[in-house]
Amino acid sequence: MTMNHPRWNEFLERLSGPEGCNFHEGVPGDGKTLTWTCDCTETCPLSSRILAEMGLTPDEIEESLEYFCSFGGYCDCEVVLNVGMR
């Protein structure tokens with residue numbers, strides 16, 4: 001999965017949302033505090049699970065993780081913050 005993939009936005013939305021890193025305001029209403037969940041490992045378990053659920057093969061998932069790393073996505077939250085924000 002690359003940024004050019006037709007389902008990239010769906011992947012990024014799922015990874016950012018409750019089934020993934022769950023990015024949300026830490027202090028409701030302040031517009032400044034953002035919190036999320038990430039185990040900070042290079043295995044990217046959330047990304048891998050979501051990609052598998054989207055129908056990617058194990059080889060395609062491995063290629064996707066390598067692609068994410070090449071853009072600074074070394075863990076799930078970095079996939080959103082470093083790759084997804086490009």
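Heads up: the structure comes first, above all this text.
Per chain, residues are indexed from 1 in the order of the written sequence. pLDDT decides what is reported in this predicted model: residues at 70 or higher carry local features, side-chain atom pairs at 80 or more are listed and counted, and totals for whole chains, interfaces and linings draw on all residues regardless. As a convention, hydrogens and water are excluded, and side-chain values are obtained from all of the structure's heavy atoms.

A. Structural view of the packing of helix 2 (residues 45-53) against helix 3 (residues 58-70). Angles run from 0 to 180 degrees between N-to-C directions of axes, and those axes are lines fitted to C-alpha atoms, restricted for helices to the stretch in contact. Numbering of helices and strands runs from the N terminus; a helix is a DSSP stretch of H or I covering at least four residues, while a strand is a stretch of E covering at least two. Across the interface, helix 2 lies against helix 3 with an axial gap of 10 Å and an inter-helix angle of 135°. Between helix 2 and helix 3, the angle falls in the class oblique. When the axes of helix 2 and helix 3 are compared, the crossing they make is right-handed. On the side of helix 2, the interface is formed by S47, S48, L51 and A52, while helix 3 contributes I61, S64, L65 and F68. For classification purposes, angles smaller than 35 degrees are called roughly parallel, those larger than 145 roughly antiparallel, those between 65 and 115 roughly perpendicular, and all remaining angles oblique. Take the far helix as your reference; a near helix turned counterclockwise from it by less than a right angle gives a left-handed crossing, and one turned clockwise gives a right-handed crossing. Note on contacts: a residue pair qualifies if any of its non-hydrogen atoms lie within 4.5 Å across the two residues.

B. The arrangement of the nonpolar core in detail. As used in this record, nonpolar core signifies buried Ala, Val, Leu, Ile, Met, Phe, Trp, Tyr and Cys residues forming a set joined through side-chain atoms within 4.5 Å. Partly exposed describes any residue whose relative accessible area lies between the buried limit of under 20% and the exposed limit of over 50%, with all areas from a 1.4 Å probe on protein chains only and scaled to the type maximum. Core analysis: the biggest nonpolar cluster contains 22 residues, and M1, W8, F11, L15, L51 and F68 have the highest contact counts within it. Elements with a minimum of two residues in this core: helix 1 (8-16), helix 2, helix 3 and helix 4 (76-83). Apart from the residues within four sequence positions on either side, W8 is in contact with M1, T2, M3, F68, V83 and G84.

C. Broad picture of the packing of aromatic side chains. Two aromatic rings, drawn from Phe, Tyr or Trp (for Trp, its six-membered ring), form a pair once their centres lie within 6.5 Å of each other, and the interplanar angle then sorts them: stacked below 30 degrees, edge-to-face above 60, tilted otherwise. Evaluation of the coordinates by the stated rule reveals six aromatic pairs. For the pair Y67 and F68, a centre-to-centre distance of 6.2 Å together with 65° between the ring planes defines the contact as edge-to-face. Take Y67 and F68: they sit in the same class, and that class is buried. Ring pairs connect the aromatic residues W8, F11, Y67, F68 and F71, which therefore count as one cluster.

Any link to function would need more than the numbers given here.
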